[in-house]
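Next come the chains, spelled out residue by residue.
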Amino acid sequence: MPGMSCRIDAAAISSPPATAAPLPDALAWIDHEIDTLRTAGLERPARVRDGRQGAEVCLDGRTLLNFGANNYLGYAGDVRLTKAASKGSCAEGFGAGASPLVSGHSLAHEQLEQAIASLLDVETALVFPSGFAANTATIAALVGPDDFIASDARNHASIIDGCRLSRARVGIYPHRDLTALDALLKGARTARRRLIATDTLFSMDGTIAPLADLAALARTHDAMLLVDEAHATGVFGQRGGGLVEQTATADGVHVRVGTLSKALGAAGGFVAGNAKLIHWLRHTARAWIFSTAHPPGVAAAATRAIGLLAEEPERRVDLLTRAADFWSALRHYELDTGETESQIVPVIVGAPQAAVALSEQLADAGFFVPAIRPPSVPHGRSLVRVSLSWLHEPHDLRRLAEAIARHAT
Ligand SMILES: Cc1ncc(COP(=O)(O)O)c(C=O)c1O
(Lines give C-alpha, C1' and ligand atoms only; values in the text may rest on other atoms or scores of the structure.)
Protein backbone atom coordinates (compact mmCIF):
# COMPACT_ATOMS: atom_id res chain seq x y z
CA MET A 1 0.00 0.00 0.00
CA PRO A 2 1.37 3.48 -0.78
CA GLY A 3 3.02 5.46 1.87
CA MET A 4 1.08 5.27 5.16
CA SER A 5 3.19 4.60 8.22
CA CYS A 6 1.69 2.68 11.07
CA ARG A 7 2.84 2.86 14.70
CA ILE A 8 1.12 -0.30 15.89
CA ASP A 9 3.27 -3.33 16.47
CA ALA A 10 1.12 -6.18 15.12
CA ALA A 11 2.93 -8.66 17.33
CA ALA A 12 1.94 -6.69 20.42
CA ILE A 13 -1.76 -7.02 19.63
CA SER A 14 -3.24 -10.32 20.60
CA SER A 15 -6.64 -11.70 21.51
CA PRO A 16 -7.29 -12.08 25.22
CA PRO A 17 -6.03 -15.50 26.31
CA ALA A 18 -8.80 -18.07 26.59
CA THR A 19 -7.65 -18.90 30.10
CA ALA A 20 -7.14 -15.48 31.68
CA ALA A 21 -6.93 -15.01 35.44
CA PRO A 22 -9.95 -16.61 37.10
CA LEU A 23 -13.00 -14.37 36.98
CA PRO A 24 -15.03 -13.70 40.08
CA ASP A 25 -17.62 -16.43 40.34
CA ALA A 26 -20.45 -14.04 39.62
CA LEU A 27 -19.09 -13.53 36.09
CA ALA A 28 -18.11 -17.11 35.36
CA TRP A 29 -21.11 -17.54 33.06
CA ILE A 30 -19.46 -15.18 30.58
CA ASP A 31 -16.78 -17.77 29.70
CA HIS A 32 -19.46 -20.17 28.63
CA GLU A 33 -21.36 -17.56 26.63
CA ILE A 34 -18.22 -16.42 24.81
CA ASP A 35 -17.33 -20.03 23.99
CA THR A 36 -20.76 -20.44 22.46
CA LEU A 37 -20.28 -17.29 20.36
CA ARG A 38 -16.83 -18.49 19.26
CA THR A 39 -18.16 -21.88 18.19
CA ALA A 40 -20.91 -20.20 16.17
CA GLY A 41 -18.36 -17.94 14.43
CA LEU A 42 -19.80 -14.88 16.21
CA GLU A 43 -16.91 -13.73 18.40
CA ARG A 44 -15.96 -10.15 17.54
CA PRO A 45 -12.46 -8.70 17.41
CA ALA A 46 -11.53 -5.38 19.06
CA ARG A 47 -9.22 -3.74 16.53
CA VAL A 48 -6.89 -0.83 17.22
CA ARG A 49 -6.62 1.89 14.60
CA ASP A 50 -3.62 4.17 14.28
CA GLY A 51 -3.96 7.41 12.33
CA ARG A 52 -6.82 9.03 10.43
CA GLN A 53 -9.70 7.35 8.66
CA GLY A 54 -8.86 7.79 4.99
CA ALA A 55 -8.68 5.77 1.80
CA GLU A 56 -6.32 3.63 3.84
CA VAL A 57 -6.47 2.60 7.45
CA CYS A 58 -3.88 1.13 9.79
CA LEU A 59 -5.56 -1.60 11.86
CA ASP A 60 -3.71 -3.81 14.31
CA GLY A 61 -0.44 -2.92 12.60
CA ARG A 62 -1.58 -3.59 9.02
CA THR A 63 -2.17 -0.83 6.48
CA LEU A 64 -5.17 -1.70 4.32
CA LEU A 65 -7.43 0.02 1.83
CA ASN A 66 -10.32 1.09 4.00
CA PHE A 67 -13.78 -0.17 3.07
CA GLY A 68 -14.96 -0.42 6.66
CA ALA A 69 -15.78 3.15 7.69
CA ASN A 70 -18.94 5.19 7.17
CA ASN A 71 -16.66 7.99 6.02
CA TYR A 72 -18.62 8.33 2.78
CA LEU A 73 -17.43 11.80 1.78
CA GLY A 74 -13.95 11.57 3.29
CA TYR A 75 -14.55 14.22 5.96
CA ALA A 76 -13.74 12.10 9.05
CA GLY A 77 -10.01 12.63 8.56
CA ASP A 78 -10.28 16.06 6.91
CA VAL A 79 -8.03 18.66 8.48
CA ARG A 80 -10.66 21.37 7.87
CA LEU A 81 -12.86 19.65 10.46
CA THR A 82 -9.92 19.28 12.84
CA LYS A 83 -9.25 23.02 12.57
CA ALA A 84 -12.91 23.89 13.11
CA ALA A 85 -12.99 21.60 16.16
CA SER A 86 -9.87 23.20 17.54
CA LYS A 87 -11.24 26.73 17.02
CA GLY A 88 -14.56 25.75 18.61
CA SER A 89 -12.78 24.16 21.58
CA CYS A 90 -10.59 27.20 22.10
CA ALA A 91 -13.65 29.47 22.07
CA GLU A 92 -15.92 27.41 24.30
CA GLY A 93 -13.64 24.99 26.15
CA PHE A 94 -13.35 21.30 25.45
CA GLY A 95 -16.08 19.80 27.61
CA ALA A 96 -19.71 20.86 27.45
CA GLY A 97 -19.90 20.52 31.21
CA ALA A 98 -23.65 19.89 31.50
CA SER A 99 -26.67 18.62 29.65
CA PRO A 100 -28.07 20.94 26.97
CA LEU A 101 -31.04 21.65 29.21
CA VAL A 102 -28.82 23.11 31.93
CA SER A 103 -25.79 24.96 30.52
CA GLY A 104 -24.27 22.52 27.99
CA HIS A 105 -25.95 24.09 24.96
CA SER A 106 -23.18 26.38 23.67
CA LEU A 107 -23.22 28.90 20.87
CA ALA A 108 -21.50 26.21 18.74
CA HIS A 109 -24.44 23.87 19.37
CA GLU A 110 -26.92 26.62 18.57
CA GLN A 111 -25.13 27.34 15.27
CA LEU A 112 -25.08 23.62 14.46
CA GLU A 113 -28.83 23.28 15.04
CA GLN A 114 -29.43 26.25 12.74
CA ALA A 115 -27.15 24.72 10.08
CA ILE A 116 -29.02 21.39 10.26
CA ALA A 117 -32.41 23.11 10.05
CA SER A 118 -31.25 25.08 7.04
CA LEU A 119 -29.75 22.00 5.31
CA LEU A 120 -32.99 20.06 5.78
CA ASP A 121 -35.24 23.06 5.20
CA VAL A 122 -37.18 22.55 8.45
CA GLU A 123 -38.14 24.92 11.22
CA THR A 124 -35.69 23.67 13.78
CA ALA A 125 -33.42 20.86 15.00
CA LEU A 126 -32.15 19.38 18.24
CA VAL A 127 -28.66 17.91 18.67
CA PHE A 128 -28.03 14.77 20.74
CA PRO A 129 -24.75 13.22 21.94
CA SER A 130 -25.13 10.46 19.32
CA GLY A 131 -27.46 9.20 16.62
CA PHE A 132 -28.20 6.21 18.80
CA ALA A 133 -29.36 8.49 21.61
CA ALA A 134 -31.44 10.57 19.19
CA ASN A 135 -33.42 7.52 18.07
CA THR A 136 -33.97 5.93 21.46
CA ALA A 137 -34.90 9.18 23.18
CA THR A 138 -37.17 10.44 20.41
CA ILE A 139 -39.17 7.26 19.93
CA ALA A 140 -39.71 6.93 23.67
CA ALA A 141 -40.82 10.58 23.77
CA LEU A 142 -43.39 10.15 21.01
CA VAL A 143 -45.15 6.95 22.03
CA GLY A 144 -45.91 5.01 25.20
CA PRO A 145 -47.74 1.93 26.47
CA ASP A 146 -51.08 2.87 24.87
CA ASP A 147 -49.54 3.31 21.44
CA PHE A 148 -48.40 1.26 18.46
CA ILE A 149 -45.16 1.29 16.47
CA ALA A 150 -44.73 -0.31 13.05
CA SER A 151 -41.03 -0.99 12.50
CA ASP A 152 -39.21 -2.34 9.42
CA ALA A 153 -37.55 -5.70 10.12
CA ARG A 154 -34.15 -4.35 9.06
CA ASN A 155 -34.20 -1.17 11.16
CA HIS A 156 -31.10 -0.15 13.07
CA ALA A 157 -30.57 -1.30 16.66
CA SER A 158 -31.21 2.22 17.97
CA ILE A 159 -34.74 2.19 16.51
CA ILE A 160 -35.30 -1.29 17.93
CA ASP A 161 -34.11 -0.17 21.37
CA GLY A 162 -36.21 3.01 21.15
CA CYS A 163 -39.27 0.83 20.48
CA ARG A 164 -38.45 -1.32 23.51
CA LEU A 165 -37.85 1.69 25.71
CA SER A 166 -41.16 3.26 24.76
CA ARG A 167 -43.13 0.21 25.98
CA ALA A 168 -45.49 0.71 23.02
CA ARG A 169 -46.86 -2.35 21.23
CA VAL A 170 -44.52 -3.07 18.32
CA GLY A 171 -45.41 -4.68 15.00
CA ILE A 172 -42.50 -5.65 12.77
CA TYR A 173 -43.17 -5.69 9.04
CA PRO A 174 -40.93 -7.55 6.56
CA HIS A 175 -38.35 -5.29 4.94
CA ARG A 176 -40.13 -2.60 2.84
CA ASP A 177 -43.34 -4.67 2.69
CA LEU A 178 -46.10 -2.07 2.32
CA THR A 179 -48.95 -4.60 2.26
CA ALA A 180 -47.85 -6.03 5.60
CA LEU A 181 -47.43 -2.52 7.00
CA ASP A 182 -50.93 -1.55 5.87
CA ALA A 183 -52.34 -4.62 7.62
CA LEU A 184 -50.46 -3.84 10.83
CA LEU A 185 -51.77 -0.29 10.88
CA LYS A 186 -55.34 -1.45 10.21
CA GLY A 187 -55.03 -3.69 13.25
CA ALA A 188 -53.83 -0.79 15.40
CA ARG A 189 -56.86 1.49 14.89
CA THR A 190 -57.67 1.53 18.58
CA ALA A 191 -54.18 2.53 19.70
CA ARG A 192 -53.94 6.05 21.12
CA ARG A 193 -51.13 6.98 18.64
CA ARG A 194 -49.46 5.18 15.75
CA LEU A 195 -45.84 5.62 14.65
CA ILE A 196 -44.08 4.20 11.59
CA ALA A 197 -40.30 4.03 12.14
CA THR A 198 -37.82 3.29 9.37
CA ASP A 199 -34.25 3.81 8.26
CA THR A 200 -34.25 5.63 4.92
CA LEU A 201 -31.03 3.94 3.79
CA PHE A 202 -30.60 0.56 5.47
CA SER A 203 -27.19 0.29 7.03
CA MET A 204 -26.39 -3.36 6.27
CA ASP A 205 -28.26 -3.81 2.97
CA GLY A 206 -27.79 -0.47 1.20
CA THR A 207 -31.49 -0.59 0.31
CA ILE A 208 -33.78 2.44 0.31
CA ALA A 209 -37.16 2.78 2.04
CA PRO A 210 -40.17 3.60 -0.18
CA LEU A 211 -40.66 7.00 1.44
CA ALA A 212 -43.53 8.32 -0.70
CA ASP A 213 -45.55 5.15 -0.07
CA LEU A 214 -44.76 5.21 3.63
CA ALA A 215 -45.89 8.83 3.83
CA ALA A 216 -49.13 7.92 2.04
CA LEU A 217 -49.79 5.05 4.47
CA ALA A 218 -49.04 7.30 7.43
CA ARG A 219 -51.62 9.77 6.13
CA THR A 220 -54.24 7.06 5.53
CA HIS A 221 -53.83 5.60 9.01
CA ASP A 222 -53.32 8.85 10.90
CA ALA A 223 -49.82 7.77 11.92
CA MET A 224 -46.61 9.70 12.57
CA LEU A 225 -43.69 8.87 10.27
CA LEU A 226 -40.18 8.87 11.78
CA VAL A 227 -37.26 8.31 9.43
CA ASP A 228 -33.62 7.73 10.27
CA GLU A 229 -31.35 9.32 7.66
CA ALA A 230 -28.09 8.23 9.35
CA HIS A 231 -26.51 6.87 6.16
CA ALA A 232 -28.27 9.17 3.69
CA THR A 233 -27.51 12.61 5.12
CA GLY A 234 -24.83 14.27 3.02
CA VAL A 235 -24.90 11.57 0.36
CA PHE A 236 -28.40 11.80 -1.13
CA GLY A 237 -30.37 14.85 -2.18
CA GLN A 238 -29.21 17.70 -4.37
CA ARG A 239 -28.01 19.66 -1.33
CA GLY A 240 -27.05 16.59 0.70
CA GLY A 241 -30.28 16.75 2.71
CA GLY A 242 -30.79 12.98 2.46
CA LEU A 243 -33.43 10.77 0.89
CA VAL A 244 -36.29 12.92 2.15
CA GLU A 245 -34.86 15.74 0.06
CA GLN A 246 -34.17 13.45 -2.88
CA THR A 247 -37.72 12.05 -2.94
CA ALA A 248 -39.39 15.38 -2.10
CA THR A 249 -41.32 13.76 0.76
CA ALA A 250 -40.68 16.36 3.48
CA ASP A 251 -44.38 17.21 3.75
CA GLY A 252 -45.24 13.61 4.68
CA VAL A 253 -42.38 12.97 7.14
CA HIS A 254 -42.97 14.20 10.68
CA VAL A 255 -39.67 13.35 12.38
CA ARG A 256 -36.25 13.33 10.68
CA VAL A 257 -33.49 11.71 12.73
CA GLY A 258 -29.90 11.74 11.55
CA THR A 259 -26.31 11.52 12.61
CA LEU A 260 -23.30 13.78 12.21
CA SER A 261 -20.95 10.81 12.52
CA LYS A 262 -21.06 9.24 9.07
CA ALA A 263 -20.88 11.28 5.85
CA LEU A 264 -20.39 14.43 7.93
CA GLY A 265 -17.30 12.96 9.59
CA ALA A 266 -17.99 14.39 13.07
CA ALA A 267 -20.13 13.01 15.92
CA GLY A 268 -23.55 13.49 17.46
CA GLY A 269 -27.11 12.89 16.38
CA PHE A 270 -30.01 15.15 15.59
CA VAL A 271 -33.76 15.34 15.23
CA ALA A 272 -35.21 17.86 12.79
CA GLY A 273 -38.79 18.94 12.22
CA ASN A 274 -41.27 21.58 13.19
CA ALA A 275 -40.98 23.80 16.24
CA LYS A 276 -43.76 21.98 18.10
CA LEU A 277 -41.95 18.63 17.81
CA ILE A 278 -38.64 20.01 19.04
CA HIS A 279 -40.32 21.91 21.89
CA TRP A 280 -41.88 18.62 23.02
CA LEU A 281 -38.56 16.76 22.80
CA ARG A 282 -36.88 19.41 24.96
CA HIS A 283 -39.33 18.39 27.70
CA THR A 284 -39.35 14.64 27.18
CA ALA A 285 -36.27 13.28 25.34
CA ARG A 286 -34.33 11.80 28.22
CA ALA A 287 -30.96 11.49 26.42
CA TRP A 288 -31.14 15.24 25.75
CA ILE A 289 -32.25 16.16 29.25
CA PHE A 290 -30.08 13.80 31.29
CA SER A 291 -26.86 13.42 29.25
CA THR A 292 -24.01 15.90 28.85
CA ALA A 293 -24.01 17.71 25.52
CA HIS A 294 -21.29 16.60 23.18
CA PRO A 295 -18.18 18.84 23.14
CA PRO A 296 -18.64 22.27 21.51
CA GLY A 297 -15.60 21.66 19.28
CA VAL A 298 -17.37 18.62 17.86
CA ALA A 299 -20.42 20.76 17.15
CA ALA A 300 -18.20 23.32 15.39
CA ALA A 301 -16.62 20.55 13.26
CA ALA A 302 -20.07 19.25 12.29
CA THR A 303 -21.17 22.75 11.27
CA ARG A 304 -18.05 23.04 9.10
CA ALA A 305 -18.88 19.69 7.47
CA ILE A 306 -22.40 20.89 6.65
CA GLY A 307 -20.77 23.91 4.99
CA LEU A 308 -18.57 21.56 2.95
CA LEU A 309 -21.67 19.78 1.61
CA ALA A 310 -22.56 23.01 -0.18
CA GLU A 311 -18.98 23.75 -1.27
CA GLU A 312 -18.24 20.26 -2.63
CA PRO A 313 -21.42 18.80 -4.15
CA GLU A 314 -19.30 16.80 -6.60
CA ARG A 315 -18.25 14.45 -3.81
CA ARG A 316 -21.71 12.91 -3.45
CA VAL A 317 -22.21 12.74 -7.21
CA ASP A 318 -18.85 10.99 -7.72
CA LEU A 319 -19.50 8.62 -4.82
CA LEU A 320 -22.87 7.42 -6.09
CA THR A 321 -21.63 7.10 -9.67
CA ARG A 322 -18.69 4.96 -8.56
CA ALA A 323 -20.95 2.94 -6.26
CA ALA A 324 -23.25 2.05 -9.17
CA ASP A 325 -20.23 0.97 -11.25
CA PHE A 326 -18.96 -1.09 -8.33
CA TRP A 327 -22.14 -3.01 -7.58
CA SER A 328 -22.66 -3.59 -11.33
CA ALA A 329 -19.17 -5.13 -11.49
CA LEU A 330 -19.96 -7.43 -8.53
CA ARG A 331 -23.25 -8.49 -10.11
CA HIS A 332 -21.39 -9.16 -13.34
CA TYR A 333 -19.32 -11.66 -11.31
CA GLU A 334 -22.67 -13.15 -10.15
CA LEU A 335 -22.09 -12.18 -6.52
CA ASP A 336 -25.11 -11.65 -4.27
CA THR A 337 -25.23 -7.93 -3.47
CA GLY A 338 -28.88 -7.98 -2.45
CA GLU A 339 -30.83 -4.98 -3.65
CA THR A 340 -28.40 -2.22 -2.79
CA GLU A 341 -28.89 1.14 -4.48
CA SER A 342 -26.28 3.07 -2.57
CA GLN A 343 -22.70 3.48 -1.34
CA ILE A 344 -23.26 0.54 1.06
CA VAL A 345 -22.62 -2.67 -0.84
CA PRO A 346 -23.13 -6.02 0.90
CA VAL A 347 -21.72 -9.25 -0.47
CA ILE A 348 -23.97 -11.87 1.08
CA VAL A 349 -22.30 -15.21 1.76
CA GLY A 350 -24.66 -16.84 4.29
CA ALA A 351 -22.78 -18.43 7.17
CA PRO A 352 -20.88 -16.27 9.70
CA GLN A 353 -17.74 -18.38 9.25
CA ALA A 354 -17.83 -17.76 5.48
CA ALA A 355 -18.09 -14.01 6.04
CA VAL A 356 -15.14 -14.04 8.45
CA ALA A 357 -13.08 -16.17 6.04
CA LEU A 358 -13.80 -13.82 3.13
CA SER A 359 -12.98 -10.77 5.24
CA GLU A 360 -9.65 -12.34 6.27
CA GLN A 361 -8.76 -13.27 2.69
CA LEU A 362 -9.51 -9.72 1.59
CA ALA A 363 -7.32 -8.37 4.39
CA ASP A 364 -4.48 -10.61 3.18
CA ALA A 365 -5.00 -9.08 -0.25
CA GLY A 366 -4.77 -5.55 1.24
CA PHE A 367 -8.45 -4.58 1.75
CA PHE A 368 -10.31 -3.95 5.00
CA VAL A 369 -13.89 -5.16 4.45
CA PRO A 370 -15.57 -6.15 7.73
CA ALA A 371 -17.61 -9.30 8.19
CA ILE A 372 -21.15 -8.60 9.40
CA ARG A 373 -22.90 -11.35 11.30
CA PRO A 374 -26.01 -11.82 13.47
CA PRO A 375 -27.40 -9.97 15.32
CA SER A 376 -26.45 -7.15 12.92
CA VAL A 377 -28.02 -9.18 10.07
CA PRO A 378 -30.55 -12.04 10.13
CA HIS A 379 -29.30 -15.62 10.49
CA GLY A 380 -28.24 -17.06 7.15
CA ARG A 381 -27.47 -13.60 5.72
CA SER A 382 -23.93 -12.97 7.00
CA LEU A 383 -22.02 -10.76 4.63
CA VAL A 384 -19.00 -8.58 4.08
CA ARG A 385 -20.05 -4.95 3.99
CA VAL A 386 -18.25 -2.66 1.56
CA SER A 387 -18.58 0.99 2.59
CA LEU A 388 -17.46 3.15 -0.26
CA SER A 389 -15.88 6.54 0.25
CA TRP A 390 -15.30 9.44 -2.11
CA LEU A 391 -11.62 8.95 -1.22
CA HIS A 392 -11.45 5.66 -3.15
CA GLU A 393 -10.10 5.79 -6.67
CA PRO A 394 -12.01 3.93 -9.40
CA HIS A 395 -9.03 1.59 -9.91
CA ASP A 396 -9.16 0.69 -6.16
CA LEU A 397 -12.77 -0.34 -6.65
CA ARG A 398 -11.95 -2.43 -9.70
CA ARG A 399 -9.18 -4.21 -7.76
CA LEU A 400 -11.53 -4.84 -4.85
CA ALA A 401 -14.28 -6.23 -7.10
CA GLU A 402 -11.74 -8.62 -8.66
CA ALA A 403 -10.46 -9.71 -5.25
CA ILE A 404 -13.98 -10.35 -3.93
CA ALA A 405 -14.84 -12.34 -7.05
CA ARG A 406 -11.65 -14.37 -6.67
CA HIS A 407 -12.21 -15.27 -3.01
CA ALA A 408 -16.00 -15.42 -2.71
CA THR A 409 -16.76 -17.85 -5.49
C1 LIG B 1 -29.19 3.57 10.75
C2 LIG B 1 -28.41 4.08 11.93
N3 LIG B 1 -29.02 4.87 12.80
C4 LIG B 1 -28.36 5.36 13.88
C5 LIG B 1 -27.05 5.05 14.11
C6 LIG B 1 -26.36 5.59 15.33
O7 LIG B 1 -25.61 6.71 15.00
P8 LIG B 1 -24.36 7.14 15.89
O9 LIG B 1 -23.21 6.32 15.42
O10 LIG B 1 -24.21 8.60 15.63
O11 LIG B 1 -24.72 6.84 17.30
C12 LIG B 1 -26.37 4.22 13.23
C13 LIG B 1 -24.94 3.89 13.48
O14 LIG B 1 -24.38 2.97 13.00
C15 LIG B 1 -27.07 3.71 12.11
O16 LIG B 1 -26.48 2.88 11.24
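Rules of the game
Residues numbered from 1 in each chain as written. Predicted model: local features only at pLDDT ≥ 70, side-chain atom pairs only at ≥ 80, totals over all residues. Heavy atoms only, no water. Helix = DSSP H or I, 4+ residues; strand = E, 2+ residues; numbered from the N terminus. Buried < 20%, exposed > 50% of the residue type's maximum accessible area, 1.4 Å probe, protein only. Near = heavy atom within 4 Å. Polar contact = N/O pair within 3.5 Å; in protein donor to acceptor, adjacent residues only side chain to side chain. Nonpolar A, V, L, I, M, F, W, Y, C, P; charged D, E, K, R; others polar. Contact = heavy atoms within 4.5 Å. Pairing = 2+ DSSP bridges. Right-handed = clockwise from strand over helix to strand, strands pointing away. Phe/Tyr/Trp six-rings, centres within 6.5 Å; stacked < 30°, edge-to-face > 60°. Lys NZ or Arg CZ within 6 Å of the ring centre and 35° of its normal. Domains from an automatic or database assignment. Buried area = accessible area lost by both parts, 1.4 Å probe. Salt bridge = Lys/Arg side-chain N within 4 Å of Asp/Glu carboxyl O.

Draft legend 1. Up close: the side chain of D78. Mapped onto the elements of the fold, D78 is located in the loop between β3 (62-66) and α2 (79-92). Assessed through its relative accessible area of 10%, D78 is described here as buried.

Draft legend 2. A look at the site of the ligand. Taken together, 14 residues sit near the ligand, with G131, D228, H231, T259 and K262 positioned nearest. D228 places a polar side-chain atom, nitrogen or oxygen, 2.5 Å from a nitrogen atom of the ligand. Per-element accounting of the shell around the ligand gives the leading share, three residues, to helix α5 (residues 131-142). A breakdown of the residues in the shell around the ligand according to their chemical character gives two nonpolar, nine polar and three charged.

Draft legend 3. Spatial organisation of the environment of V244. Note on placement: V244 falls in helix α9 (residues 243-246). For V244, a relative accessible area of 1% corresponds to the buried category. Taking the C-alpha atoms as reference points, V244 and T200, 44 residues apart in sequence, are found 8.1 Å from one another. Residues within four places of V244 in sequence aside, it is in contact with L211, V227, E229, T249, A250, V253 and R256.

Draft legend 4. How the structure looks around the pairing of strand β8 (residues 224-228). Of all five residues in β8, four are buried, a share of seventy percent or more. Judged from the five bridges that link them, strand β7 (residues 194-199) and β8 form a sheet pairing that is parallel. Among the inter-strand pairings, D199 is bridged to a residue of β8, identified as D228. Crossover connection from β7 via helix α8 (residues 211-220) to parallel β8: handedness right-handed. Looking at chain direction, β8 and strand β9 (residues 255-259) are connected through three bridges and run parallel.

Draft legend 5. Structural context of the packing of aromatic side chains. Tallying each qualifying case throughout the model produces one aromatic pair. Between F67 and F367, the ring centres sit 6.4 Å apart and the planes meet at 45°, which makes this aromatic pair tilted. With F67 in the loop between β3 and α2 and F367 in strand β12 (residues 367-368), this residue pair connects regions lying 300 residues apart in the sequence. Residue classification places F367 among the buried residues on the basis of a relative accessible area of 2%. Positioned above the aromatic ring of W390, the side-chain terminus of R315 is 3.7 Å from the ring centre.

Draft legend 6. Region of the structure containing the domain arrangement of the chain. Partitioning the chain into structural domains gives domain 1 (45-73 + 313-408) and domain 2 (79-311). Taking only C-alpha atoms, the centre of domain 1 and the centre of domain 2 are 26 Å apart. Every contact between the two is made by 25 residues of domain 1 and, on the other side, 26 residues of domain 2. Interface of domain 1 and domain 2: buried area, both sides summed, is about 1900 Å²; carbon and sulfur atoms make up 51% of it. When the buried area of domain 1 at its contact with domain 2 is split by residue, L73, R316 and E341 rank highest and sum to 27% of it. For the pair domain 1 and domain 2, the interface holds three salt bridges. Between R381 and D205 there is a salt bridge whose closest N-O contact spans 3.3 Å. Along the contact surface separating domain 1 from domain 2 lie 10 residue pairs in polar contact (both at pLDDT 80 or more). Mapped by element, the contributors of at least two residues to the side of domain 1 that touches domain 2 are α13 (314-332), β11 (344-350) and β14 (382-387). A total of five residues in the side of domain 1 that touches domain 2 trace back to one element, the largest contributor, which is α13.

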